[in-house]
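Each chain, letter by letter, is given below.
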Amino acid sequence: MDSSVYVFVEDLRGEGVERVLDRIGGYGVTGVTVGAVHHACRDVTPHGLSRLTVRHDAAHFTPPPELFAGLRLKPPTGHAGALDGLAEACARRGLKLHGWTVFLRNATLGVRHPDVTVRDCFGDRGSPTDLCPAHPDVREYAVALARSVARLGVESVVAEALHFNPQQAERSFVPLGPMDTYLFGLCFCDYCMRRATDLGVNAEAAREECAGIVGRVLDGEPPAQGEVTRAALTAYAGPEVVAYARARSETVTTLVSEVASAVAAEGARLVFVDSTGAVKGYTDGLPTPGLAAHDAWQLGVDLVALGDLVPAFGVLAYARDAARVADDVGAYLRSVGKDREVRAVLRPGHPDSDSADRLVAKARGAKAAGAAAVDFYAYGLAPHPVLDRIPAALAEAQ
């Protein structure tokens, strides 16, 4: 079975490329998925040079100037030489190299160019991290970024955040329910509204309905209860809002199609990672009830349509329960098609896996459900004893 370990460039810089690859090769995996383009964050890194690592919005290579000539958006440069020699070092060990790329999550670009970020139903641009996939400048940027990573000598470009992102306020002392939060997170920028209008949706009516509903909750009315489903959303917000939400899938599908074609033209392939699994279970490994494949529409992800366009998919199987991992993988395969590669991304330790046996059970469940590969997230975030669980999990998945 194919497999890889996710690695940050800070791991390579701190411990050295040779040492990191030797250790990863010892786990028995067949590849390395390196964070070529990442977003800003702060991570506890148990065996890093710093025990608290600050990451910045950055591409960790020098972008080819010709790809970004004339483009308004250009990726902030990070550790420009961090990936030098990595492809050759992987080849010497027989390891495949994959380029992990965070596309539309970039606060640096959002602060510099606020008009390319999402705009909520009140007209506010309060999410500088989230670039809107409907904006033409963002779409050109995504295609050029994909080509850049593909040229690094990677077998695949692993695409994260190549869709709409959920609304995530850092603080809220208003008890917004899941449906109110979802409506608050819909983008009503000019480009999103124009695309929806072209599809026959009354975009202004949808915006007004969302603003009315969320505004009343912000004014003190009780929030809606229950999970976000199309049926519940229709009853709560009306058919025009649901139609507007559906229209977002056209935006994402066409963008992913352009990116996949660009990657293929550079001799690599796209692995599309839908973040729904992380939205559901990132914090505690206890995902909300609906399967990720069934709720991906909330981020504008139409898995059935993408199954005709993308060769491989990464399933963020962030769950403690092996049966849930198997269910998520199976649902993805039913959506994208049995001929597509589905890669289950597992966390070998906290909060999902409290033992080697639990990780083994999840790898076994992923394989039984039809996963073609198992990847492990992430080298720099897990203690070495936790990473040492990987060989047993792989042995079970073979």
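Parameters and conventions
Residues numbered from 1 in each chain as written. Predicted model: local features only at pLDDT ≥ 70, side-chain atom pairs only at ≥ 80, totals over all residues. Heavy atoms only, no water. Helix = DSSP H or I, 4+ residues; strand = E, 2+ residues; numbered from the N terminus. Buried < 20%, exposed > 50% of the residue type's maximum accessible area, 1.4 Å probe, protein only. Polar contact = N/O pair within 3.5 Å; in protein donor to acceptor, adjacent residues only side chain to side chain. Axes fitted to C-alpha atoms, helices over the stretch in contact; angles between N-to-C directions. Parallel < 35°, antiparallel > 145°, perpendicular 65-115°, else oblique. Left-handed = near helix turned anticlockwise from the far one by under 90°. Contact = heavy atoms within 4.5 Å. Nonpolar A, V, L, I, M, F, W, Y, C, P; charged D, E, K, R; others polar. Salt bridge = Lys/Arg side-chain N within 4 Å of Asp/Glu carboxyl O. Core = buried A, V, L, I, M, F, W, Y, C linked by side-chain atoms within 4.5 Å. Phe/Tyr/Trp six-rings, centres within 6.5 Å; stacked < 30°, edge-to-face > 60°. Lys NZ or Arg CZ within 6 Å of the ring centre and 35° of its normal. 1 Å grid on protein atoms, 1.4 Å probe; cavity = no way out; pocket = protein on both sides within 12 Å on 5 of 7 lines; lining within 4 Å. Points joined across faces, edges and corners; volume = space filled by probe spheres on them.

Undergrad: Can you help me understand the side chain of His-98 in this one?
TA: The residue His-98 is located in strand β6 (residues 96-102) in this model. For His-98, a relative accessible area of 2% gives the class buried. Within the structure, the side chain of His-98 is placed 2.7 Å from the side chain of Ser-156, a separation counted as a polar contact.

Undergrad: How do you make sense of the packing of helix α7 (residues 178-185) against helix α9 (residues 203-218) when you look at a structure like this?
TA: Packed helices, taken two at a time, are described by the angle between their axes plus the distance between the axes. At their nearest, the axes of α7 and α9 sit 9 Å apart, and the two run at 130 degrees to each other. Classed by the angle they form, the pair α7 and α9 counts as oblique. Judged by the twist between their axes, the crossing of α7 over α9 is left-handed. Within the contact between the two elements, α7 uses Asp-180, Leu-183 and Phe-184 and α9 uses Cys-210, Ile-213, Val-214 and Val-217. Here the contact of α7 with α9 is composed, by residue class, of six nonpolar, no polar and one charged.

Undergrad: Honestly, the pattern of salt bridges in this entry has me stumped. Any pointers?
TA: A pair can form between side chains of opposite charge whenever their charged atoms are brought close. One pass over the full model with this rule turns up 23 salt bridges. Residue Glu-341 is joined to Arg-269 by a salt bridge in which the shortest nitrogen-to-oxygen separation is 2.8 Å. Of this pair, Glu-341 sits in strand β10 (residues 341-346) while Arg-269 sits in strand β8 (residues 269-274), placing them 72 residues apart in sequence. Here Arg-269 falls in the partly exposed class, since its relative accessible area comes to 22%. A salt bridge links Arg-347 to Asp-352, with the nearest nitrogen and oxygen atoms 2.6 Å apart. In this pair, the class of Arg-347 matches that of Asp-352, namely buried. Put simply, Asp-2, Lys-96, Arg-269, Glu-341, Arg-343 and Asp-375 are held in one network by salt bridges that share partners.

Undergrad: Would you take a moment to explain the nonpolar core for this structure?
TA: Looking at soluble globular proteins, one finds that nonpolar side chains tend to be buried together. Ranked by size, the top nonpolar core spans 124 residues in total, and within it Phe-103, Leu-183, Val-259 and Phe-376 carry the most contacts. Looking at which element gives the most residues to this core, the answer is helix α11 (residues 239-265), with 12 residues. Beyond its immediate chain neighbours, meaning those up to four positions away, Phe-103 contacts Leu-131, Tyr-141, Ala-142, Leu-145, Ala-146, Val-157, Ala-159, Glu-160, Ala-161, Leu-162 and Val-259. If you look at the next biggest cluster of nonpolar residues, it comprises 15 residues, including Phe-8, Tyr-318, Val-345 and Ala-378.

Undergrad: Can you help me understand the packing of aromatic side chains in this one?
TA: Note on aromatic pairs: each is described by the distance of the centres and the angle between the planes. Applying the stated criterion across every chain, the model contains 11 aromatic pairs. On the basis of an interplanar angle of 80 degrees and a centroid distance of 5.9 Å, the ring pair of Trp-100 and Tyr-377 is categorised as edge-to-face. With Trp-100 in strand β6 and Tyr-377 in the loop between β11 (373-376) and α17 (384-387), this pair connects stretches of sequence that are 277 residues apart. In terms of burial, Trp-100 and Tyr-377 fall into one category: buried. An aromatic cluster of at least three residues, connected via ring pairs, comprises Tyr-6, Phe-8, Trp-100, Tyr-282, Tyr-318 and Tyr-377. One residue, Arg-248, lies across the ring of Phe-164, its end atom 4.1 Å from the ring centre.

Undergrad: Would you explain the side chain of Arg-343 in this entry?
TA: Following the sequence through the fold, Arg-343 ends up in strand β10. Take Arg-343: its relative accessible area is 3%, and that puts it in the buried class. A polar side-chain atom of Arg-343 sits 3.4 Å from a polar atom in the side chain of Glu-341. Those residues in contact with Arg-343 that sit more than four places away from it in its chain are Asp-2, Ser-3, Ser-4, His-98, Arg-269, Val-271, Phe-313, Gly-314, Val-315, Ala-373 and Asp-375.

Undergrad: Can you help me understand empty space enclosed by the protein in this one?
TA: To locate leftover empty space, one rolls a probe as large as a water molecule over the atoms. Taken as a whole and judged by the stated rule, the model has two cavities of 30 Å³ or more. The space that makes up the largest cavity amounts to roughly 50 Å³. Forming the boundary of the largest cavity are Phe-164, Cys-192, Arg-195, Ala-196, Tyr-244, Ala-247, Arg-248 and Thr-251. Mapped by element, the contributors of at least two residues to the lining of the largest cavity are α8 (190-198) and α11. Looking at the lining of the largest cavity residue by residue, the classes come out as five nonpolar, one polar and two charged. If you add up the space inside the second largest cavity, you get close to 40 Å³.

Geometric descriptors of this kind do not, in isolation, establish any biological role.
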